[in-house]
Amino acid sequence: MLRLIGNRIATSIPLLLIVTLIVFVLQAFVPGDAARTILGENANPQTVAALRDQLGLNEPLVSRYGDWLAGALHGDLGTSIISGVDVMSSLDTRLGVTLSLLVPSMLLSAVAGIALGFASAVRGGFLGRVIDVVSLLGFALPSFWIALLLVAALAERANLLPATGYTPFAESPGDWLRSIVLPVIVLSLHGITAVAKQTRDSVAEVLEADYVRFLRANGVGTTSLLLRHVLRNAAIPVVTSLGLVSIGMLSGAVFIENVFVLPGLGTLATQATLDHDVPVILGVGVVLTLAVIVVNLLIDIAYGLLNPKVRAA
């Protein structure tokens, strides 16, 4: 298992470098730059050129990326071109908000999705058809439309939950919970439907296996059969689905934070992109890439625990 973890971490280092390089190159093709953002559209061209030179924006891309990478290797992600605030400080401030959105969404997708899919596979019939319909709706309906409906129903008409904004947990746990309910529901709906359908299909396939019939014929109890044998053997495709859902939530969080005006990494990335604030864009890219690496590592560990052959590979 330690060798598996070590191999995954070693292959993650080139991935991190490639992602930051791609982000750095792509932002260079976006029209405009930070100097024009700071001075405004009506600024004198000579003034803009002088500021570009002052900010180092006239340097070759390779040189600028090399300078950033040298600092990043020493734990320095630079400072915001627009605000002058240290990038690490901005990330630390906003990371907690994004985690407050992602962690509950992932847990809700896992628990609700597995429970619904397992119940559907075991009982079948009407519940199975309901899961299929809900899954199709979950994939088909746009997240922004669901968000608007929930805001209109639960925030504006019923006045049960806030439509926008975020309250830190340390300030008020109750208000914090109320501020994340709607974003978590919207972000996890797709995950719940995807995990539920994968769980139902996997469990249903295992239930038809010959060894399950053999265990039943030898008097193994239903609860033991389902939990110790069926669910365990159906778990690997479900874990894969959970991993894909979790990674998808990282990009979904960017949209959800902007819809509900949450001061997390998503809104930071959006504003930094509009402002052409390259150090901030790269900083957010590093954090999100590390999050993907961690999710993939957890999936590999889960594979190893569920299947001894993976540990031996």
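All figures in this text were calculated on a predicted structure; none of them were measured in a lab.

Visitor: How should a nonpolar patch on the surface be read in this particular structure?
Guide: There is a patch of nonpolar side chains on the surface, built from Val133, Leu137, Leu141, Phe144, Trp145, Leu148, Leu149 and Phe255 and spanning about 740 Å² of accessible area. Breaking the nonpolar patch down by element, the ones donating at least two residues are helix H6 (125–140) and helix H7 (143–157). Of the residues forming the nonpolar patch, the biggest block, 4 residues, is contributed by H7.

Visitor: Looking at this model, I keep getting lost on the packing of H6 against helix H8 (residues 173–207). Mind explaining?
Guide: Contact geometry of H6 with H8 gives a least axis separation of 9 Å together with a crossing angle of 140°. The orientation of H6 relative to H8 falls into the category oblique. Our pair here, H6 against H8, has a crossing hand that is left-handed. Taken together, the residues of H8 that come into contact with H6 (itself represented by Gly128, Ile131, Asp132, Val134, Ser135, Gly138 and Phe139) are His190, Thr193, Ala194, Ala196, Lys197 and Arg200. Its residues assigned to classes, the contact of H6 with H8 shows 5 nonpolar, 5 polar and 3 charged.

Visitor: Can you help me understand unusual backbone geometry in this one?
Guide: If a residue is not glycine, its phi is most likely negative; likewise, a peptide bond is most likely trans. Look at asparagine 159: it is not a glycine, yet its phi comes out positive at around 55°. Residue placement: asparagine 159 occurs in the loop between H7 and H8. Residue classification places asparagine 159 among the exposed positions, given a relative accessible area of 59%.

Visitor: What should I look at first to understand the environment of serine 143 in this one?
Guide: As for its position among the elements, serine 143 is in helix H7. With 130 residues separating them in the primary sequence, serine 143 and threonine 273 have C-alpha atoms 22 Å apart. Apart from the residues within four sequence positions on either side, serine 143 is in contact with Val186 and Phe255.

Here is what the cut-offs are and how they apply
- Residues numbered from 1 in each chain as written.
- Predicted model: local features only at pLDDT ≥ 70, side-chain atom pairs only at ≥ 80, totals over all residues.
- Heavy atoms only, no water.
- Patch = residues over 30% accessible without salt bridge, like charges linked within 9 Å, V, L, I, M, F, W, Y side chains within 5 Å.
- Areas by Shrake-Rupley, 256 points an atom, 1.4 Å probe, with all protein chains shown as cover.
- Salt bridge = Lys/Arg side-chain N within 4 Å of Asp/Glu carboxyl O.
- Helix = DSSP H or I, 4+ residues; strand = E, 2+ residues; numbered from the N terminus.
- Axes fitted to C-alpha atoms, helices over the stretch in contact; angles between N-to-C directions.
- Parallel < 35°, antiparallel > 145°, perpendicular 65-115°, else oblique.
- Left-handed = near helix turned anticlockwise from the far one by under 90°.
- Contact = heavy atoms within 4.5 Å.
- Nonpolar A, V, L, I, M, F, W, Y, C, P; charged D, E, K, R; others polar.
- Buried < 20%, exposed > 50% of the residue type's maximum accessible area, 1.4 Å probe, protein only.

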